[in-house]
Amino acid sequence: MAVVSWKEILLLTGLVVGCFWNSLSCGFVFDDVSAILDNKDLRPSTPLRNLFLNDFWGTPMSEERSHKSYRPLTVLTFRMNYLFSELNAASYHLLNLVLHAVVCVLFLRVCRLFLDKTSSLVAALLFAVHPIHTEAVTGVVGRAELLSSIFLLAAFLAYTKSTGVDRSIVWAPIALTVVLVAAATLCKEQGITVVGICCIHEVFVAQGFTLPSLLETLRQVLQGKGWFPYAVLQTLMKLIVLTISTLLLVIIRVQVIQSQLPVFTRFDNPAAVSPTPTRQMTFNYLLPVNAWLLLNPSELCCDWTMGTIPLVESLLDLRNMTTLLFYTCLALLAHHSLCYRHGSAKTVVMALSLIVLPFIPASNLFFPVGFVVAERVLYVPSMGFCVLFAHGFKIISQKGQLKRISWLILGVLLTTHAVKTFNRNWDWESEYTLFTSALKVNKNNAKLWNNVGHALEGQNNYGEALQYFLQATRVQPDDIGAHMNVGRTYKNLNRSKEAEEAYLVAKSLMPQVIPGKKYATRVAPNHLNVYINLANLIRANESRLEEADQLYRQAISMRPDFKQAYISRGELLLKMNKLTEARDAYLHALELDRSNADLWYNLAIVNIEMKDPSEALKNFNHALELNSRHKLALFNSALLMQESGEPKFWPEANRRFLAYVEEEPDDANGYFNLGMLAMDANENPAAERWMRKAISLQAGFRSALFNLALLYSQSKRETEALPVLDELLRHHPQHIKGLILKGDILMNHKKETSGAKACFQRILDIDPTNVQGKHNLCVVYFEERDLLRAERCLEETLAMAPHEEYVRRHLSIVRGKIAAMNAAGQPLTSTEGASLAAAEAKAARAQEQAESQEEGRGADAGGQDRDKKNVRKSSAESGGVGVDPSESLGSSPSDKRTKGKSNKEIKDIEEKRAAALKRLEEIERILSGD
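Parameters at a glance
- Residues numbered from 1 in each chain as written.
- Predicted model: local features only at pLDDT ≥ 70, side-chain atom pairs only at ≥ 80, totals over all residues.
- Heavy atoms only, no water.
- UniProt positions renumbered as here; feature names shortened; annotations may be inferred.
- Helix = DSSP H or I, 4+ residues; strand = E, 2+ residues; numbered from the N terminus.
- Buried < 20%, exposed > 50% of the residue type's maximum accessible area, 1.4 Å probe, protein only.
- Contact = heavy atoms within 4.5 Å.
- Areas by Shrake-Rupley, 256 points an atom, 1.4 Å probe, with all protein chains shown as cover.
- 1 Å grid on protein atoms, 1.4 Å probe; cavity = no way out; pocket = protein on both sides within 12 Å on 5 of 7 lines; lining within 4 Å.
- Points joined across faces, edges and corners; volume = space filled by probe spheres on them.
- Nonpolar A, V, L, I, M, F, W, Y, C, P; charged D, E, K, R; others polar.
- Patch = residues over 30% accessible without salt bridge, like charges linked within 9 Å, V, L, I, M, F, W, Y side chains within 5 Å.
- Salt bridge = Lys/Arg side-chain N within 4 Å of Asp/Glu carboxyl O.
- Expected span 1.5 Å × (residues − 1).
- Phe/Tyr/Trp six-rings, centres within 6.5 Å; stacked < 30°, edge-to-face > 60°.
- Lys NZ or Arg CZ within 6 Å of the ring centre and 35° of its normal.
- Axes fitted to C-alpha atoms, helices over the stretch in contact; angles between N-to-C directions.
- Parallel < 35°, antiparallel > 145°, perpendicular 65-115°, else oblique.
- Left-handed = near helix turned anticlockwise from the far one by under 90°.

The chain carries the name Protein O-mannosyl-transferase TMTC3 in an unreviewed UniProt entry, which gives Takifugu flavidus as its organism. Of the comments in the UniProt record for the chain, the one headed Sequence similarities (unreviewed entry) reads "Belongs to the TMTC family." Looking at the chain in UniProt, the text filed under Pathway (unreviewed entry) is "Protein modification; protein glycosylation."

What follows concerns the overall build of the chain. Counting secondary structure elements, the chain contains 41 helices and zero strands. Within the chain, buried positions represent 55% of all 930 residues. Here the analysis covers contacts within the chain between residues at least 6 apart in sequence; of these, 67% occur between residues at least 24 apart. Accessible surface, the chain: about 40,000 Å² in total, of which carbon and sulfur atoms supply 59%.

Glancing now at empty space enclosed by the protein. Vacant regions in the atomic arrangement are exposed by a probe of water-molecule size rolled over the atoms. Per the stated rule, a full pass over the model turns up six cavities of 30 Å³ or more. Of the voids in this model, the largest cavity is the one considered here, and its volume is about 60 Å³. In terms of lining residues, the largest cavity is bounded by Ser162, Thr163, Arg167, Ser168, Ile169, Glu202, Gln207, Ala231, Gln234, Thr235 and Lys238. Ranked by the residues each element gives to the lining of the largest cavity, the list is headed by helix α11 (residues 230–256), at four residues. Across the lining of the largest cavity, the residue classes tally to two nonpolar, six polar and three charged.

The next subject is a nonpolar patch on the surface. A contiguous nonpolar surface patch, about 510 Å² in accessible area, is contributed by Leu233, Leu236, Ile240, Ile244, Leu248 and Ile251. Looking at the secondary structure, you find leucine 248 in helix α11.

With that settled, the discussion passes to the UniProt feature "transmembrane region" (unreviewed entry) in the chain. In this structure's numbering, the residues bearing the UniProt feature "transmembrane region" (unreviewed entry) are residues 90–111, 140–159, 168–186, 192–215, 227–252 and 347–371. Between the end C-alpha atoms of residues 168–186 there is a gap of 31 Å, over a span that is 84% helix and 0% strand. Summarising residues 192–215: 75% helix, 0% strand, and an end-to-end C-alpha distance of 26 Å.

Further remarks concern helix α4 (residues 89–111). With 23 residues, α4 ought to run about 33 Å at 1.5 Å a step, and its terminal C-alpha atoms sit 33 Å apart, in line with that. Most of α4 is tucked away: 18 of the 23 residues are buried.

Moving on to the packing of aromatic side chains. Within this structure, the stated rule accounts for 16 aromatic pairs. For the ring pair phenylalanine 56 and tryptophan 57, a centre distance of 4.9 Å and an interplane angle of 70° mean the geometry is edge-to-face. Comparing phenylalanine 56 with tryptophan 57, the two get one shared label, buried. Seen in terms of ring centroids, phenylalanine 107 and phenylalanine 127 are 5.1 Å apart; in terms of plane orientation they differ by 45°. Their pairing is tilted. Of this pair, phenylalanine 107 sits in helix α4 while phenylalanine 127 sits in helix α5 (residues 117–129); the two residues are 20 residues apart in sequence, bridging distant segments of the chain. Every member of this aromatic cluster is reached through a ring pair, and the members are Trp21, Phe422 and Trp426. Looking at arginine 71, its charged tip hangs above the ring of phenylalanine 56, at a distance of 4.9 Å from the centre.

Turning our eyes to something else, we now look at the pattern of salt bridges. In a structure, side chains of opposite charge can pair up when their charged atoms sit close to one another. Following the criterion strictly, the structure yields 37 salt bridges and no others. In this structure, aspartate 584 and arginine 583 form a salt bridge, with 3.9 Å as the shortest nitrogen-oxygen distance. Residue classification places aspartate 584 among the partly exposed positions, given a relative accessible area of 33%. On the basis of relative accessibility, which here comes to 29%, the residue arginine 583 falls in the partly exposed class. Salt-bridge contacts for glutamate 720 lead to arginine 717; the nearest nitrogen and oxygen are separated by 2.8 Å. Each member of the salt-bridge network shares a partner with another, and the members are Asp549, Arg553, Arg569 and Glu581.

Another point: the packing of helix α34 (residues 736–748) against helix α35 (residues 753–766). Here α34 crosses α35 at 160°, and the two axes come no closer than 8 Å. Taken together, the axes of α34 and α35 are roughly antiparallel relative to one another. The hand of the α34/α35 crossing is left-handed. Residues Ile736, Leu739, Ile740, Lys742, Gly743, Asp744, Leu746 and Met747 of α34 form the contact with α35, whose own contacting residues are Gly755, Ala756, Cys759, Phe760, Arg762, Ile763 and Ile766. In the contact of α34 with α35, the residues fall into 10 nonpolar, two polar and three charged.

Right, here's the structure in full:
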């Protein structure tokens, strides 16, 4: 038996690289999104044991919506990719390419068992370049096929060494075979079929039985005319061991899926829910369809569901002839391989076993699967096809007159297949290119129209996306998902009326509840999101909140484990200020999924609204225990700690803000809050640095600009504060606090009364009732020695604020000065005016320092305050027709948190105001005694 040479390994590897190198430029498309981008099992923060509890897509096997595809070893390789390169698609594609090269080498090694050196190489070369493999190699999720094939071939090779030179049993290879079969099955379910391949090899190849001789031996034993030969008994012993091992694997697999088959709808596999004989005729017709794809892979499509292949509903359908022809050819090959002893028969029987047995789990003949045709499941069956082709090539090339022609045909075939594979890879570059290429092959599949729409939607091209979604509804009028997509797109186009109409159409297509029958088994879980989307749409109208709540409750009644319904209802109840019910909704959701960090975060937001900060902080911490990089939990928990006024929390708050800006380095709000935290701790250099960073990221950041100016003012760096205030007022010319602070600096430090006067007049233009601005303008008049105007100004101020005692005293002082001037006949000196101006400026500054707490911590009219990050994040279901993120994740008015001042802050403010008033009293005594 010839081994594989290094030259052959290099040839196969070079051919694989040449055909598939352009796959490295492809992204994550189609099923990759669910298996890679949306699968939390890839993240290092997820415990490794979850890989053995969840399905291929990260859904717990215990949940009814699980696809029951149990492939933990494949997911483990995805996790390794993520560990080294996170979501860099090129590394995932590179590993797939390497695995395909390994499969090609192993396949060549297997072919050497029943083909000559040249024929086996021909089979391996054809397998390396066959276009049908594009989905398995270029599609990242196809790694399940690649890994399963590696272990499948390795298990077969191990089993072939289980017979010693003296025909005795060698148990070590058999034990290794069992381990490799288990590994293949943990990569993909079809791996277990290698046991059947081993059995066929043992009986018809290793032992040399033909079907007639085997039946004759059995007949003689049953009639008592003889017994099994010793070699046959050894074979039976090996097969019994393999069979028992297989049964144990099957039992474990059934236990893993909890004896439940996955739930599929007629949109996934129309024939699966069709009556007899339509179901049987259609499923049998799919066999020649798959065979034709191997023979002529010219028109490949990533999705063959829905209306791609019409149902075979009549015995008179001509497609039944194709089915009959297929079975005839298969029967002839089976007869040739099972009834004769020559070498050709052994080759054909192994080829047929490689074609038929691995395809059985995906054939729909024994149990339904979630697709009609899937090109990637032909990866292993194509091995048998390539063996048949190579064997036929050997027979033809041995005939002298056909030798040259056969080699020419082989060269053309390998070249065209390689070119087709290379070009097909480009289709997988993006979802748009993939689904538009599929539409060139099949225009009767509504799912393809939907998916092109999704791709355009991802590019914010809603107008064009809408046309594809509408076409999907025309191709498949009863497609609930298509109508949901239409509704969501209308909403994105701000056409709420049309959106509601589309959602209502989708809702009307939902199956009616049948007493005694589970609703969830008759509808795709994502289709229930129509209730969520419709409720999210109508709840924008304050008068329809109760109607929206009714829709959420209807969804929950249909599926009590519908987690998203509880989440969305919790948001609505919070908006309706039904805090206790909102909390209960989130607690119900947590009963279904306690490992969901978003749910703990949402519950914390409810706790804040219920004025329970300690419980809120506890739930924020729960969220961070599950996901230490949960951005909103990091931000809002840090904010909560800072607002507590407890210095003991400040270091942890600082750590969380730092973690947040590491996750969101371009979000100015994170740096701003770090600056505010530093200001609270009197760390002015750090505060200045963080404020500057926030401003550099977001020009015109209102709160950051004001607080930076205030920081400079408090640090006796008034000249540095002025440019910052100028920038603030350039972006926000009506910022009253900024105008007051600028006027204070100009009047008290720069002695520019004209500039200060312009600031205070601007305040009154914005808000004529602003007492502080009006009073400061009066001080400017006093500074300008216009005592009569100052008197009138103070009288007007007193009328605006009759209870402000300091205004009354100042008016009294000004009137006294006027009287004194009239009596003495002397002009008033500027020193006295400056004294009052300085005193009032100090009072204004103290007031500003107090009120700056609200500017820094409260709601900013410009939308740049820290409240902006306090939104509730919902865990919307992923998928083509899932909850619209803009509907489930959007912020409502109740999303905003009102910030209260701590006792310490209030005490500081009162102390500053008291100091300012004390200074005013000193100045008044000086002026009064002058």
